[in-house]
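# Structural features, examined
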Amino acid sequence: MTDAGRRAELADSLVRVRERIARACLAAGRPPDAVTLTAVTKTYPASDVLLLAGLGVTDVGENRDQEASAKADAVRAGGARVRWHFVGQLQRNKAKSVIRYADVVESVDSVRLAEALGRAAAGREVPLEVLVQVSLDDDPARGGVTGDDLWRVSDAVTSSEGLRLAGLMAVAPLGEDPGAAFGRLAVVAGQMASRYPGATTVSAGMSGDLEAAVQHGATHVRIGTSLLGMRNSLR
Ligand SMILES: *Cc1c(COP(=O)(O)O)cnc(C)c1O
C-alpha cells in the first residue's frame, strides 16, 4: 500500500476509535478528554507510528524490548516525538534497555522488577512513569500482582528516585464480563489514589472492551487491532 493509502486507512480507523471513546465518555458522564488513547503498534512498522503521530496520536505502546527500541530510534529519526509506553512482560535484564526510550512502563508486577528499573533510571532528569499491573483473574501466567503485593510493589516504586508511581494497568481476564473485572479494578484504583496522591492513571481497555473500561474510570485505553488492523500473531 502507498503511504497515502495507509495514511487514509489509519485516519479513518482513528476517527472511529476516537468516536467510540467519546461515546463511552458521554455514556459514563465523563468529559470527552478524560481518556487518553495509547496506540499499541506492536508488529507494525515505525512508518505507521510516524503516520499516527502526524494524525495527532501522542502515546504509543509496545510489548517487546527489541522491537520497541528499534522503532523508537526510527521514529525519532523520522522527526516525531511520541510518548512510549512499554506494556509487555519485562525481564529484569531488559530494564536498562527499556529506560533508554520508554516514558512509561505499564507492566511492573514485582518488587525485583521495580528495583531493577529504579537502578536503571537513577539520575534520570525526568522520572520514568510506572504503572503497577494488577491481575484481575489471579492467573500469574498473564502477569500482574495479586492481593497485598500491589502495595509492596508500589512502595518499591515510590522509594526509587528515578521512578514516579503513576497508577495502575490491567488486562481484562478471558471468559469473564470485562465490566465486572474493570469494576474490581476501579475499587483498587480508588485505594491506590488515596494511598499515593498523584497515582491516578488507570490504563485499561483494549479494542474489544474499551467501552467497559471507560465506564469504570479508565484514564488510558490501549488500542491495537481497531486502529492498525489484525495482527498476524496473537500478541
Ligand atoms: C496488544 C495489547 C493491547 C492492544 O490489544 P488490541 O486488542 O489489539 O487492541 C493492549 N494491551 C496490551 C498489554 C497488549 O499487549
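Residues numbered from 1 in each chain as written. Predicted model: local features only at pLDDT ≥ 70, side-chain atom pairs only at ≥ 80, totals over all residues. Heavy atoms only, no water.

### Let's talk about the overall build of the chain
- Helix and strand counts for the chain stand at nine helices and eight strands.
- Over its C-alpha atoms the chain spans a radius of gyration of 17 Å, differing by no more than 12% from the 18 Å that the globule rule assigns to 235 residues.
- Its C-alpha atoms give the chain principal-axis dimensions of roughly 50 × 40 × 30 Å.
- When each of the 235 residues of the chain is scored for burial, the buried share is 51%.
- Sequence separation of at least 24 residues holds for 63% of the intrachain contacts in the chain that already meet a minimum separation of 6. (Helix = DSSP H or I, 4+ residues; strand = E, 2+ residues; numbered from the N terminus. Rg over C-alpha atoms; globule rule 2.2 N^0.38 Å. Buried < 20%, exposed > 50% of the residue type's maximum accessible area, 1.4 Å probe, protein only. Contact = heavy atoms within 4.5 Å.)

### Thoughts on the site of the ligand
- In the vicinity of the ligand lie eleven residues, with K42, S207, G224, T225 and R231 positioned nearest.
- Within the side chain of R222, a nitrogen or oxygen atom sits 2.8 Å from a nitrogen atom of the ligand.
- The contact in question runs from an oxygen atom of the ligand to an N or O atom on the backbone of G224, over 2.8 Å.
- Against a free-state accessible area of 390 Å², the protein chains account for coverage of 87% of the ligand.
- Residues of the shell around the ligand, tallied by class, amount to four nonpolar, three polar and four charged. (Near = heavy atom within 4 Å. Polar contact = N/O pair within 3.5 Å; in protein donor to acceptor, adjacent residues only side chain to side chain. Areas by Shrake-Rupley, 256 points an atom, 1.4 Å probe, with all protein chains shown as cover. Nonpolar A, V, L, I, M, F, W, Y, C, P; charged D, E, K, R; others polar.)

### Description of the nonpolar core
- The biggest cluster of nonpolar side chains holds 53 residues, and the ones touching the most others in it are V105, L117, L128, L150, L168 and L185.
- Excluding residues that lie within four positions of it along the chain, L117 makes contacts with L90, A95, I99, V105, V108, L128 and L163.
- Judged by nonpolar contacts, the second largest core, of 19 residues, contains L10, Y44, L52 and V221. (Core = buried A, V, L, I, M, F, W, Y, C linked by side-chain atoms within 4.5 Å.)

### Re the environment of T200
- Mapped onto the secondary structure, T200 falls in the loop between α7 (178-195) and β7 (201-203).
- Expressed as a C-alpha distance, the spacing of T200 and A218, which sit 18 residues apart in the sequence, is 9.7 Å.
- With residues near it in sequence (within four places) discarded, T200 still touches A166, G167, A193 and T219.

### Re the environment of V57
- Along the chain, V57 falls in the loop between α2 (46-54) and β2 (59-62).
- Here V57 is in contact with L14, R18, A39, L52 and V82, once residues within four sequence places are set aside.

### So, the UniProt feature "domain: Alanine racemase N-terminal" (unreviewed entry) in the chain
- Cross-referencing UniProt, the feature "domain: Alanine racemase N-terminal" (unreviewed entry) maps to residues 34-231 in the present numbering.
- Helix makes up 39% of residues 34-231 and strand makes up 19%, while its end C-alpha atoms are separated by 28 Å. (UniProt positions renumbered as here; feature names shortened; annotations may be inferred.)

### What about the packing of aromatic side chains?
- Scanning the model with the defined rule gives one aromatic pair in all.
- Summarising the aromatic geometry, the rings of W151 and Y196 are spaced 6.3 Å apart at their centres and angled 25° between planes, so their arrangement reads as stacked. Taken together, the residues W151 in helix α6 (residues 149-158) and Y196 in the loop between α7 and β7 connect sequence positions 45 residues apart. The same class applies to W151 as to Y196, namely buried.
- In this structure, R195 is placed above the aromatic ring of W151, and the distance from its NZ or CZ to the ring centre is 4.0 Å. (Phe/Tyr/Trp six-rings, centres within 6.5 Å; stacked < 30°, edge-to-face > 60°. Lys NZ or Arg CZ within 6 Å of the ring centre and 35° of its normal.)

### What about the pairing of strand β4 (residues 104-108)?
- Within β4, five of the five residues are buried, which leaves it mostly tucked inside the rest of the structure.
- When strand β3 (residues 83-86) meets β4, the two strands line up parallel, connected through two bridges. By the bridge assignment, F86 is partnered in β4 with V105.
- Since β3 and β4 lie parallel, the crossover through helix α4 (residues 95-101) that links them has a hand, and here it is right-handed.
- As paired elements, β4 and strand β5 (residues 128-133) share three bridges and run parallel to each other. (Pairing = 2+ DSSP bridges. Right-handed = clockwise from strand over helix to strand, strands pointing away.)

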